[in-house]
Amino acid sequence: MILAVRDPREGTDAAAMGGEVEVRRLDLADLASVRLFAGGIEDPIDLLINNAGLMIPPLGRTADGFELQFGINHLGHFALTNLLLPQIVGRVVTVSSIARRSGAIKLHDPNWERRPYRAPRAYAQSKLANLLFTAELQRRLERAGSEVLSLAAHPGLAATSLLLGRHGRLVEAAESALIVLLGHSDVGGAQPTLMAATADLPGDTYVGPTGRFGARGEPGPVERAARAEDTQMARSLWSLSEELTGVRFPLSGPVRSGVAPRTA
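Residues numbered from 1 in each chain as written. Predicted model: local features only at pLDDT ≥ 70, side-chain atom pairs only at ≥ 80, totals over all residues. Heavy atoms only, no water.

*Asks:* Can you walk me through the side chain of Glu136 in this structure?
*Replies:* Turning to its location among the elements, Glu136 is positioned in helix H4 (residues 119–143). Separated by 3.1 Å, the side chains of Glu136 and Arg139 make a polar contact. Those residues within four positions of Glu136 in sequence are excluded, and the remaining contacts are Arg143, Ala234, Arg235 and Trp238. (Helix = DSSP H or I, 4+ residues; strand = E, 2+ residues; numbered from the N terminus. Polar contact = N/O pair within 3.5 Å; in protein donor to acceptor, adjacent residues only side chain to side chain. Contact = heavy atoms within 4.5 Å.)

This is the structure in structure tokens:
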């Protein structure tokens, strides 16, 4: 298994927990890093999990000038997936969020260059983009005759460092208590992704906690927001993403299965 990380030191610490894990550097905020990483993968890939995420930071820009959340959460994964797609033989799982319900894609200004910046709205846009990407990728795979599957998952309200404070970002005590009360553990938050990665599910399935509000509970297929079902928006977002990243869908015909797969 390949563990793709921005900080190799932290990745090495995670890899030490066990298993045959290879740590490689990947910075989704830099398309040059994405290309370098993808170019170093030679073996077939059984499973790609697009799990990296940035949540509600101050306004910032990626190395290529994209708003950080849209650039990392969507465009970085878009480029990585398409660059690796000729070698993927199993499935792609992209991690979204319950925040996609309030998301809206602004095709005229996805990188917040013309509007006052609103970090929560930017995050919701990026998470809605994850679902639109998942659906459009599945449609393109089917048209290409590929057996590769595209699925999505969301963790619900998981009590991880992303929400409970890290690197100086702290939430209020009342908000922390609400997360603990309504949400579930980091282990519970990982279950939908694991289900999407391993269960016998059709392409374009969206997996999340099945409890109240989708915040916690046993994992299972869940519904999308109406905006995530917009096929025209999905196509338009795909075209915009190709334009911004310079990366395009690489398959044009039937795809044969590979051997000796690896995961990334």
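*Asks:* How should the packing of helix H2 (residues 31–39) against helix H3 (residues 68–84) be read in this particular structure?
*Replies:* Helix-helix packing is characterised by the crossing angle of the two axes and by the distance between the axes. Running from N to C, H2 and H3 cross one another at 25°; their axes reach a closest spacing of 10 Å. Judged on the interaxial angle alone, H3 and H2 are roughly parallel. Where H2 crosses over H3, the handedness of that crossing is right-handed. Here H2 contributes Leu31, Val34, Arg35, Phe37 and Ala38 to the contact with H3, which in turn contributes Gly76, Ala79, Leu80, Leu83 and Leu84. Per-class residue counts for the contact of H2 with H3 are 8 nonpolar, 1 polar and 1 charged. (Axes fitted to C-alpha atoms, helices over the stretch in contact; angles between N-to-C directions. Parallel < 35°, antiparallel > 145°, perpendicular 65-115°, else oblique. Left-handed = near helix turned anticlockwise from the far one by under 90°. Nonpolar A, V, L, I, M, F, W, Y, C, P; charged D, E, K, R; others polar.)

*Asks:* I tried to follow H4 on my own but got confused; where do I start?
*Replies:* Within an α-helix, residues lying three or four positions from one another point in the same direction, as the helix has 3.6 residues per turn. Taking 1.5 Å as the rise per residue, H4 with 25 residues should run 36 Å; its terminal C-alpha atoms sit 36 Å apart, in good agreement. Most of H4 is tucked away: 20 of the 25 residues are buried. Following H4 by one or two positions, Gly145 adopts a phi angle in the positive range, close to 75°. (Expected span 1.5 Å × (residues − 1). Buried < 20%, exposed > 50% of the residue type's maximum accessible area, 1.4 Å probe, protein only.)

*Asks:* How should I be thinking about H2 in this particular structure?
*Replies:* Buried within H2 we find Leu31, Ser33, Val34, Phe37 and Ala38. The buried residues of H2 occupy one face: seen down the axis, they fall within an arc of 155°. Residues Ala32, Leu36 and Gly39 are exposed on H2 and point more than 90 degrees away from its buried face. The elements touched by buried residues of H2 are strand E1 (2–5), strand E2 (22–25), H3 and helix H8 (231–245). (Arc of directions from axis to C-beta.)

*Asks:* Teacher, can you tell me more about a positive patch on the surface here?
*Replies:* Together, Lys106, Arg118, Arg121 and Arg227 make up a region of like positive charge exposed at the surface. For Lys106, the location among the structural elements is in the loop between strand E4 (88–95) and H4. (Patch = residues over 30% accessible without salt bridge, like charges linked within 9 Å, V, L, I, M, F, W, Y side chains within 5 Å. Areas by Shrake-Rupley, 256 points an atom, 1.4 Å probe, with all protein chains shown as cover. Salt bridge = Lys/Arg side-chain N within 4 Å of Asp/Glu carboxyl O. Lys, Arg positive; Asp, Glu negative; His and termini not counted. Charge placed at Lys NZ, Arg CZ, Asp CG, Glu CD.)

*Asks:* Mind showing me how you'd approach the nonpolar core here?
*Replies:* Note on soluble globular proteins: their nonpolar side chains tend to be buried together. Judged by nonpolar contacts, the single largest core of 43 residues is most densely connected at Leu80, Leu84, Ile88, Leu137 and Phe249. Elements with a contribution of two residues or more to this core: H2, strand E3 (45–50), H3, E4, H4 and H8. At 8 residues, the largest contribution of residues to this core is made by H3. When sequence neighbours within four positions are dropped, the list of residues in contact with Phe249 reads Asn82, Leu85, Leu137, Arg140, Leu141, Ala144, Trp238 and Glu242. By size, the runner-up hydrophobic cluster in this structure holds 9 residues, among which are Val93, Ala196, Ala197 and Ala199. (Core = buried A, V, L, I, M, F, W, Y, C linked by side-chain atoms within 4.5 Å.)

*Asks:* Looking at this model, I keep getting lost on the pattern of salt bridges. Mind explaining?
*Replies:* As a working rule, side chains carrying opposite charge can pair if their charged atoms are close by. Scanning the model with the defined rule gives 8 salt bridges in all. In this structure, Arg9 and Asp7 form a salt bridge, with 3.5 Å as the shortest nitrogen-oxygen distance. For Asp7, a relative accessible area of 22% corresponds to the partly exposed category. Put simply, Glu136 and Arg143 hold a salt bridge, and the shortest N to O gap is 3.8 Å.

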